[in-house]
Amino acid sequence: MSTGTQDRSTAPEDVVPGAEQHVDELAALRGALAPLGHAARAERLTGGMFATTFLVTFDDGSEAVVKTAPTHQDRLLTYEHDLVRSEALVYRLLADVPGVPVPRVLLEDFSRSVWPGDLVAASRLGGTPWGDCGLGSVDDDPRAARAQHELGALMGRLHAVTGPVFGYVGEASPLRAGTWAEAFGLMVEAALGDAERWAVPVPADEVRATLSRHRPTLDQGRTPVLVHTDLWPGNLFLDPATGELVGVIDPERALWGDPAFELVGADQLGRGPVPAGLLAGYASVAEAPDLDDQAVRARIELYRLYFALIMRVELVPRAYEGDWVDGHRATLETNLRAALDSLA
């Protein structure tokens, strides 16, 4: 999942004239960004696990955050193709939605003629990444309580935006259908196909049987609403003094689907209850998902199953390294098992 790539606090790597290994990269960025001005400097922002992102400063002092798609697409999961295009699409959809503070798209280049992959330049947001604000618990820190409430309200505003079909927002995505049950089935089947492709051991038959058994709960989704799917703290910017939510980034994995999907996307590794403050924030602007409804609870378990599945599969093509990987894999396998057992 994405990791808050507008944050400059994660040891950016400078890309400047005179640094021989980066000259061609900066030249390519300059060519792609020429309509915006002359790029004097670029910093590669670390922390992202999918796209490559730069903070670009122009001669006049203005800045843009530039996201570029992976050029080696043979390592992508099925749902991950054209995600940078999806991000630009969502930013445009949300440009005039009150209370949804997203960057403005400044330029997009999908020709792959100057830069080797898709490229989107957007305005740089203010604020501080949620995780760097030093928030306490919602019971003890009013800033944390406000941030949680505003995140719920943000979800409610997002879900007022509706689409033409269900599934991932990219118009070329094969994971779209006329009903949520069909679209979600395609998403799960694609993840299982990716698992087979990279020889990732997952209980595919059990997943398929579980999905089939609970399809009626998915059929209850009638309206395709815009779901960010990745509203974790790394993608949220706050005013650190007040906890006000001032920015949202990385909607590249957005889809048209069930509002309850968002609740899981905001806590992809969690299995605890949805925070009451978040639900209260949602209810302040729209009707929140009813977590006392057995069908809604079943769908939440299906979405937890899906997130555990795609994150478990991606470990292989991404070839992540570090001491955290074994523990992360174990958590995903535990969550997948817990979701299947709950749905049984």
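The rules behind the values
Residues numbered from 1 in each chain as written. Predicted model: local features only at pLDDT ≥ 70, side-chain atom pairs only at ≥ 80, totals over all residues. Heavy atoms only, no water. Phe/Tyr/Trp six-rings, centres within 6.5 Å; stacked < 30°, edge-to-face > 60°. Helix = DSSP H or I, 4+ residues; strand = E, 2+ residues; numbered from the N terminus. Buried < 20%, exposed > 50% of the residue type's maximum accessible area, 1.4 Å probe, protein only. Pairing = 2+ DSSP bridges. Axes fitted to C-alpha atoms, helices over the stretch in contact; angles between N-to-C directions. Parallel < 35°, antiparallel > 145°, perpendicular 65-115°, else oblique. Contact = heavy atoms within 4.5 Å. Nonpolar A, V, L, I, M, F, W, Y, C, P; charged D, E, K, R; others polar. 1 Å grid on protein atoms, 1.4 Å probe; cavity = no way out; pocket = protein on both sides within 12 Å on 5 of 7 lines; lining within 4 Å. Points joined across faces, edges and corners; volume = space filled by probe spheres on them. Patch = residues over 30% accessible without salt bridge, like charges linked within 9 Å, V, L, I, M, F, W, Y side chains within 5 Å. Areas by Shrake-Rupley, 256 points an atom, 1.4 Å probe, with all protein chains shown as cover. Salt bridge = Lys/Arg side-chain N within 4 Å of Asp/Glu carboxyl O. Lys, Arg positive; Asp, Glu negative; His and termini not counted. Charge placed at Lys NZ, Arg CZ, Asp CG, Glu CD. Polar contact = N/O pair within 3.5 Å; in protein donor to acceptor, adjacent residues only side chain to side chain. Expected span 1.5 Å × (residues − 1).

The next subject is the packing of aromatic side chains. Two aromatic rings, taken as a pair, are described by how far apart their centres are and by the angle between their planes. In this structure the tally under the stated criterion is 13 aromatic pairs. Between Phe261 and Phe307, the ring centres sit 5.1 Å apart and the planes meet at 45°, which makes this aromatic pair tilted. Taken together, the positions of Phe261 in helix H7 (residues 259-265) and Phe307 in helix H9 (residues 294-318) put the pair 46 residues apart, joining distant regions of the chain. Just as Phe261 is buried, Phe307 falls in that class too. Between Tyr306 and Phe307, the aromatic rings sit 6.1 Å apart at their centres with planes inclined by 65°, giving edge-to-face as the arrangement. One exposure class covers both Tyr306 and Phe307, and it is buried. Taken together, the ring pairs in this structure connect Phe166, Trp180, Phe184, Phe261, Tyr303, Tyr306 and Phe307 into an aromatic cluster.

Of all the six residues making up strand E4 (residues 63-68), five are buried; the element is thus mostly covered by neighbouring parts of the structure. Relative to E4, strand E3 (residues 52-58) runs antiparallel, the two being bridged by six bridges. Bridge pairing in E4 places Val56 opposite Ala64. From the end of E3 to the start of E4, which pair antiparallel, there are four residues, and Gly61 there has a positive phi angle of about 90°. With four bridges joining them, E4 and strand E6 (residues 119-122) adopt antiparallel strand pairing. Bridging across to E6, Val66 finds its partner in Ala121.

Contact pair helix H4 (residues 180-197) / helix H5 (residues 204-213): the axes reach a minimum separation of 11 Å and the direction vectors enclose 175°. Comparing their axes, H5 and H4 come out roughly antiparallel. Residues Phe184, Gly185, Val188, Glu189 and Leu192 of H4 touch H5, and the partners they reach there are Ala204, Val207, Arg208 and Leu211. Counted by class, the contact of H4 with H5 contains six nonpolar, one polar and two charged residues.

Below, the discussion takes up the environment of Val248. Residue position: Val248 is located in strand E12 (residues 245-248). With a relative accessible area of 3%, Val248 lands in the buried category. Residues Val248 and Leu151, 97 residues apart in the sequence, show an inter-C-alpha distance of 9.8 Å. What Val248 contacts, discounting residues up to four positions off in sequence, is Tyr91, Pro101, Val102, Pro103, Leu125, Leu154, His228, Leu231, Asn235 and Leu236.

What follows deals with empty space enclosed by the protein. Inspection of every chain in the model, using the stated rule, returns five cavities of 30 Å³ or more. The space that makes up the second largest cavity amounts to roughly 60 Å³. For the second largest cavity, the full set of lining residues is Phe50, Ala69, Pro70, Gln73, Leu76, Glu80, His81, Asp82, Leu83, Val84, Arg112 and Asp118. A per-class count over the lining of the second largest cavity returns six nonpolar, two polar and four charged.

Here we take up a negative patch on the surface. A cluster of acidic residues, Glu287, Asp290, Asp292 and Asp293, forms a negative patch at the surface. Within the secondary structure, Glu287 is located in the loop between helix H8 (276-283) and H9. For Glu287, a relative accessible area of 76% gives the class exposed.

Along the chain, the position of His228 falls in the loop between strand E10 (225-227) and strand E11 (236-238). Reaching out from His228, the side chain makes a polar contact with the backbone oxygen of Ile249 at a distance of 2.9 Å. Ignoring anything within four residues of it in the chain, the contact list for His228 reads Leu158, Asn235, Val248, Ile249, Asp250, Pro251, Arg253, Ala254 and Glu262.

With that out of the way, let us pick up helix H3 (residues 142-158). In this model, H3 (17 residues) spans 24 Å end to end at C-alpha, consistent with the 24 Å of a helix rising 1.5 Å per residue. For H3, every residue scored as buried is listed here: Ala144, Ala147, Gln148, Glu150, Leu151, Gly152, Ala153, Leu154, Met155, Gly156 and Leu158. Contact partners of the buried residues in H3: helix H2 (83-94), E10, E11, E12, H7 and H8. Put simply, Asp141 is the residue that caps the front of H3, since its side-chain oxygen is 2.9 Å from the backbone nitrogen of Arg143.

Another aspect to go through is the pattern of salt bridges. Enumeration over the complete set of coordinates arrives at 25 salt bridges. The partner of Lys67 in a salt bridge is Glu252, with the nearest N and O atoms 3.0 Å apart. Taken as a pair, Lys67 in strand E4 and Glu252 in the loop between E12 and strand E13 (255-257) lie far apart in primary sequence, 185 residues in all. With respect to burial, Lys67 and Glu252 carry one shared label: buried. Between Asp205 and Arg208 there is a salt bridge, and its shortest N-O distance comes to 3.9 Å. A residue pair is termed a helical-turn pair when its members lie 3 or 4 positions apart in one helix, as Asp205 and Arg208 do in helix H5 at three residues. On the basis of relative accessible area, Arg208 is assigned to the partly exposed category, the value being 34%.

Note that all results are geometric; they support no functional claim without further evidence.
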